[in-house]
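Structure assessment
Here's the letter readout for the chains.
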Amino acid sequence: NGHGGVVIGSAISGGYKGLYVEDCYMDSPNLDRVIRIKTSTCRGGVIEDVFVRNVEVGVCREAVLRINLQYENREECERGYIPTVRNVWMNNVTSNGSKYGVQLIGLDDSENIYDINVSNCTFNGVTDAGESISGLTRNVNIKDCKVNLAKKGKKK
C-alpha cells in the first residue's frame, strides 16, 4: 500500500544511480504506482541507470511506471535546479489493472526525461490509456508491449 512500490525521490538533489528491481510481485488496490521517480526544479538531481525486469503486478491505482519532473509543482522554493531522468529500462513487466502502463511528466522547456526503454511488457485492465506523456521527452522507446483496456462496468 502507499505511494509507490519502489520510489526514488523527491529529495534527490544529490542524484541517484544504479537501481535494480527484479523478480518482484506487487498487488494492492491501495498501491498508487509500482515504480515511481519524482523530483522537481526545486530539487534537481540526475537519476539514471534504473533497471526493472521480471515484475508481476496484480493491480495499482495509477501507473506501473511514473516519472515526474514536476513533483509538488506549486511548492514555494528556489527554482532553477533542473532535474534529469535518463537510462531507465523496464522489461518483462506484467500488470492486471492500472490507469496507465507508463506515465511521464516532463518539463515544459527542456527534454530532461530521455533514454526510457520499455519492452516486452503487458498492461492488462488499463482504464485510461497505455501511456500518458506530457512535457518534453526524448528517445522514449516502447517496444513489443501489449495494452489491454479494462472492460467498462468492471471494477478492479
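A brief structural summary.

Rules behind the numbers
- Residues numbered from 1 in each chain as written.
- Predicted model: local features only at pLDDT ≥ 70, side-chain atom pairs only at ≥ 80, totals over all residues.
- Heavy atoms only, no water.
- Salt bridge = Lys/Arg side-chain N within 4 Å of Asp/Glu carboxyl O.
- Buried < 20%, exposed > 50% of the residue type's maximum accessible area, 1.4 Å probe, protein only.
- Helix = DSSP H or I, 4+ residues; strand = E, 2+ residues; numbered from the N terminus.
- Disulfide = S-S within 2.5 Å.
- Core = buried A, V, L, I, M, F, W, Y, C linked by side-chain atoms within 4.5 Å.
- Contact = heavy atoms within 4.5 Å.

1. Concerning the pattern of salt bridges
Counted by the stated rule, this structure contains 8 salt bridges. Of the charged contacts, one joins arginine 33 and aspartate 32 as a salt bridge, the two residues approaching to 3.9 Å between their closest N and O atoms. Aspartate 32 shares its class with arginine 33; the two are buried. When the shortest N-O distance is used, the salt bridge between arginine 43 and glutamate 75 registers 2.7 Å. On the criterion of sequence distance, the pair formed by arginine 43 in the loop between strand E3 (33-38) and strand E4 (46-57) and glutamate 75 in the loop between strand E5 (63-68) and strand E6 (84-95) is long-range, its members being 32 residues apart.

2. Focus: the state of the cysteines
Per the counting criterion, the structure on display carries 1 disulfide. Unpaired in terms of disulfides, cysteine 121 finds its nearest cysteine sulfur in cysteine 145, a separation of 4.5 Å. A relative accessible area of 1% means that cysteine 121 is categorised as buried. The exposure class assigned to cysteine 145 is partly exposed, which follows from its relative accessible area of 24%.

3. Quick notes on the nonpolar core
Counting 32 residues, the largest nonpolar core has Ile67 and Met90 as the members making the most contacts within it. Looking at this core, the elements with two or more residues in it are strand E2 (16-26), E3, E4, E5, E6, strand E7 (98-105), strand E8 (113-119) and strand E9 (122-134). Tallying contributions element by element places E4 first for this core, with 5 residues. With residues up to four places along the chain from it excluded, the contact list for methionine 90 reads Val52, Val64, Leu65, Val102, Asn117, Val118, Ser119, Cys121 and Phe123.

4. Overview of the environment of glycine 45
With respect to the element layout, glycine 45 can be found in the loop between E3 and E4. Separated by 29 residues in the primary sequence, glycine 45 and tyrosine 16 place their C-alpha atoms 7.6 Å from one another. Setting aside chain neighbours within four positions, we find glycine 45 in contact with Ile12, Ser13, Gly15, Ile82, Pro83 and Thr84.

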